[in-house]
Amino acid sequence: MSTASAPLSRDSRLSRFVNIGIPYVWLGIFFLLPLLIVLRISIAEPALAQPPYTALWEWIDQGVLQIHINLQNFILVWEDSIYLDAFLNSLWVALVCTLLCLLLGYPMAYALATSPERWRVPLLMLIILPFWTSFLIRVYAWIGILKPQGLLNHALMGIGLIDEPLAILHTQIAVYIGVVYSYLPFMILPLYANLTRLDPTLLEAAADLGCRPLRAFWRVTLPLSSAGIVAGSMLVFIPVVGEFVIPDLLGGPETLMVGKLLWGEFFGNKDWPLASALAVVLLALLVVPFVLMQRIEQRIEEGSR
Amino acid sequence: MSGRHPGRSRWPLWTLLAFGYAFLYVPILLLILYSFNESRLVTVWSGFSLKWYGELLHNRQLLDAAWLSVRIAAVNATVAVVLGTLAANALVRHGRFRGRTGFELLLTAPLVMPDVLIGLSMLLLFVAMQQGFGWPAGRGFTTIAIAHITFSTAYVAVVVRSRLAQMDASLEEAAMDLGARPLSVYAQITLPLIAPALLSGWLLAFTLSLDDLVIASFVSGPGSTTLPMVVYSSVRMGVSPQINALATLIVALVAFAVVIAGLSMRQSQRSS
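Model, not experiment: these values are computed from the prediction.

What counts, and where the lines are drawn
Residues numbered from 1 in each chain as written. Chains lettered and ligands numbered in written order. Predicted model: local features only at pLDDT ≥ 70, side-chain atom pairs only at ≥ 80, totals over all residues. Heavy atoms only, no water. Helix = DSSP H or I, 4+ residues; strand = E, 2+ residues; numbered from the N terminus. Rg over C-alpha atoms; globule rule 2.2 N^0.38 Å. Buried < 20%, exposed > 50% of the residue type's maximum accessible area, 1.4 Å probe, protein only. Contact = heavy atoms within 4.5 Å. Areas by Shrake-Rupley, 256 points an atom, 1.4 Å probe, with all protein chains shown as cover. Phe/Tyr/Trp six-rings, centres within 6.5 Å; stacked < 30°, edge-to-face > 60°. Polar contact = N/O pair within 3.5 Å; in protein donor to acceptor, adjacent residues only side chain to side chain. Buried area = accessible area lost by both parts, 1.4 Å probe. Salt bridge = Lys/Arg side-chain N within 4 Å of Asp/Glu carboxyl O. Nonpolar A, V, L, I, M, F, W, Y, C, P; charged D, E, K, R; others polar. Expected span 1.5 Å × (residues − 1). Bend = angle between axes of the 7 residues up to and from the residue. Pairing = 2+ DSSP bridges. pLDDT = per-residue confidence, 0-100. Core = buried A, V, L, I, M, F, W, Y, C linked by side-chain atoms within 4.5 Å. Axes fitted to C-alpha atoms, helices over the stretch in contact; angles between N-to-C directions. Parallel < 35°, antiparallel > 145°, perpendicular 65-115°, else oblique.

**With respect to the overall build of chain A**
Scanning chain A for helices and strands turns up 13 helices and two strands. Whereas a compact globule of 305 residues would reach a radius of gyration of roughly 19 Å, chain A reaches 25 Å, over 25% beyond that. Across its three principal directions, the C-alpha atoms of chain A cover 85 × 85 × 35 Å. Looking at chain A as a whole, 50% of its 305 residues qualify as buried. Of the contacts formed within chain A by residues at least 6 apart in sequence, a portion of 69% connects residues at least 24 apart. When the accessible surface of chain A is summed, it comes to about 15,200 Å², and 68% of that surface belongs to carbon and sulfur atoms.

**Looking at the packing of aromatic side chains**
Across all of its chains, the model carries 25 aromatic pairs over all chains by this definition. Taking the centre distance of 5.9 Å and the plane angle of 80 degrees together, the rings of Tyr106 of chain A and Phe217 of chain A count as edge-to-face. One end of the pair, Tyr106 of chain A, is in helix α3 (residues 81–113); the other, Phe217 of chain A, is in helix α9 (residues 213–224), and 111 residues separate them in sequence. A centroid spacing of 4.0 Å and a plane angle of 10 degrees characterise the contact between Phe244 of chain A and Trp263 of chain A, whose relative ring orientation is stacked. A residue pair is termed long-range when its members are at least 10 positions apart, and Phe244 of chain A in the loop between α10 (226–241) and α11 (245–250) and Trp263 of chain A in helix α12 (residues 258–268) qualify at 19 residues. Taking the relative accessible area as the measure of exposure, Phe244 of chain A reaches 3% and is therefore buried. These aromatic residues form a ring-pair network of at least three members: Tyr53, Phe244, Trp263, Phe266, Phe267 and Trp272 of chain A together with Phe218 and Tyr232 of chain B.

**Details of the side chain of Asn19 of chain A**
Looking at the secondary structure, you find Asn19 of chain A in helix α1 (residues 2–42). At 3.3 Å, the side chain of Asn19 of chain A forms a polar contact with the side chain of Asn89 of chain B. A distance of 3.4 Å separates the side chain of Asn19 of chain A from the side chain of His94 of chain B, its partner in a polar contact. Residues in contact with Asn19 of chain A, not counting those within four places in the same chain, are Leu86, Ala87, Asn89, Ala90, His94 and Phe103 of chain B.

**As for the environment of Val219 of chain B**
Residue and element names in this part refer to chain B. When you line up the elements, Val219 lands in helix α9 (residues 214–219). Using a relative accessible area of 0% as the deciding quantity, one classes Val219 as buried. Between the alpha carbons of Val219 and Gly119 there is a distance of 6.6 Å; along the sequence they are 100 residues apart. Among residues more than four places away in sequence, those in contact with Val219 are Gly119, Met122, Leu123, Phe126, Arg139, Gly140, Thr143, Ile144 and Ala147.

**So, the interface of chain B and chain A**
Every contact between the two is made by 91 residues of chain B and, on the other side, 105 residues of chain A. Of the roughly 8,900 Å² buried where chain B meets chain A, counting both sides, 78% is carbon and sulfur surface. Inspection of the region where chain B meets chain A yields one salt bridge. Looking at the side of chain B that touches chain A element by element, the count peaks at 15 residues for helix α1 (residues 11–35) of chain B. Counted by class, the side of chain B that touches chain A contains 62 nonpolar, 20 polar and nine charged residues.

**Thoughts on the pattern of salt bridges**
All names here are of chain B. In the structure shown here, the tally under the stated rule is five salt bridges over all chains. The salt bridge involving Arg93 is made with Glu172; its shortest N-O contact spans 3.2 Å. Placement of Arg93 in helix α3 (residues 60–93) and of Glu172 in helix α7 (residues 170–177) is noted, with a sequence separation of 79 residues between them. Arg93 sits in the partly exposed class, given a relative accessible area of 35%. Glu104 is the partner of Arg100 in a salt bridge, and the nearest nitrogen-oxygen pair spans 3.1 Å.

**Considering helix α6 (residues 141–166) of chain B**
Compared with the 38 Å implied by 1.5 Å per residue over 26 residues, the 37 Å span of α6 of chain B between its first and last C-alpha is a close match. Remark: the principal bend of α6 of chain B, roughly 30 degrees, maps to Ser152 of chain B.

**Let's talk about α10 of chain A**
Under the 1.5 Å per step criterion, the end-to-end length of α10 of chain A is 22 Å for 16 residues, consistent within 8% with the ideal 22 Å. For α10 of chain A, the buried fraction is high: 13 of the 16 residues fall into the buried class.

**Quick look at the pairing of strand β2 (residues 64–67) of chain A**
All names here are of chain A. As defined by bridge partners, strand β1 (residues 57–61) adjoins β2 across four bridges and the pair is classed as antiparallel. What sits directly across from Asp61, in β2, is Val64. The turn linking β1 back onto β2 is made up of two residues, and Gly63 within it adopts a positive phi angle of 75 degrees.

**Regarding the confidence of the model for chain A**
Summarising the model, chain A shows a mean pLDDT of 88, and 95% of its residues fall at 70 or more. In this model, residues 1–8 of chain A is a region of pLDDT below 50 whose contacts with residues beyond four sequence positions or in other chains number one contact.

**What about the nonpolar core?**
Ranked by internal contacts, the top residues of the largest apolar core, which has 162 residues, are Leu112 and Ile137 of chain A together with Phe218 of chain B. The element best represented in this core is α3 of chain A, accounting for 17 residues. Beyond its immediate stretch of four places on either side in the chain, Leu112 of chain A contacts Arg120, Leu123, Leu124, Ile127, Ile188 and Tyr192 of chain A together with Leu17 and Tyr21 of chain B. The next biggest cluster of nonpolar side chains, apart from the first, holds 14 residues, and it includes Val156, Leu164, Ile194 and Phe206 of chain B.

**Here's the deal with the packing of helix α5 (residues 135–146) of chain A against α1 of chain B**
Two numbers describe how α5 of chain A lies on α1 of chain B: the axes approach to 9 Å, and their chain directions differ by 80 degrees. Comparing the axis directions of α5 of chain A and α1 of chain B gives the class roughly perpendicular. Contact residues: α5 of chain A offers Ile137, Arg138, Tyr140, Ala141, Trp142 and Ile145 of chain A, while α1 of chain B offers Phe23, Pro27, Ile28, Leu30 and Leu31 of chain B. Taken together, the residues of the contact of α5 of chain A with α1 of chain B sort by class into ten nonpolar, no polar and one charged.

This is the structure:
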């Protein structure tokens, strides 16, 4: 084999170069670099120009370089209560929806993981299927259900539960419903993967030692599925903080969320630097949950090796 | 995990599961039902009709947008499958290479990053690139495709990576021992074995692209309106029966594709 080792190592060096290098360069240029540019634009000033912001530096004289750093955007975000409220409300909506997804998703994932083996794949398919159809259209479906003359009010009045239509559409409640509906599969899938990997003999041991099923669930199953809980929760929480479509279509004027505000600053007011400042703050808020998710994922991976 | 559950304790769980499925499916089923409704109102059923499908097929703006979206989605899915497979190779085959943590970070972040952040940052990059060296001149097909490829790659990598990690390495080792070069081992042994994952990765990337409103809105230019952008502007006006018809067509198409993919995956699992 010694004769084969020389070309092999050349091949393996080439393979490293291609496999690691090409995706790395692509993601570096089109994912990491843009985030740095956002940071740079967030300290620019809006200007009536093409593109609509000032340059970071300019040569004003021979050998004199002027660097403009404008912190006004960040001061505005901090001082104007509308931005602060939007951030707080976004975090609140994401938190409430993550808990609701967990409350509904955990029992569903548990039921799937403990169902007879031949049912699992079709049942799991049914969880994934809505995820493959258009997100926008699924959110839109709720407009017809929740609006004052919509199907829900129609049904509730039909059975005499309420006398006049409930105002649900264009409130925060509608946003909760829409988010839980759209993000539920993201919670169920990691939980399901985690629960199917649990060793059933642990539960049997607990039962043999006289532990009741419910207690065994609390003492054995739940702690062992903590990695799945964290992974699923982060898959819901992080994107929901910056969600735009759901609060825009289902929320009302009082549903302040940072995604909607950023969209408005960019498309409505054409204030690119302020939109960038909002993006920078949003990114900073999401770093902690993201690092948490990444560490859990590495732990799962090391555990399965 | 198949615990020994007495039948009594199972039924609350099954009820909840049924409720969960109802929650996921009732809105879609209602859209499908009302796409055949003659009336424009959602709550009134005034008879079966296909007229909204007829109107949909004559909506020039929507059809043009759909065609653009499909082309972008196909280019996106194809490039993303290549990049995502390379990335999955790197993660599964190259162990603890230098910069692995950063590599994994770059592959995970696009999965959870809010769309407004990706969209805004991509646009600013394209503007800076245009200022710097004149490419891409203007925004449209190319910029939307690049933005979609970037996040789709991360999804494809997840799908292909799990398949690669589960794969039986003995076939590759056998081929290697018989003197096959790594590249031909990869092409003749590995690729056929991971083909189902490549197919589902391609379909996933295709749907993600077809579905994206926010990122495309940031990086598109005049004259490049994608399907979700048309849907969004008509949805903002209120409930529109044409969109119900469109939803029905999308659901039918997706259900068809998923069933095909599922069958082919089962087939390949059986044969391997």
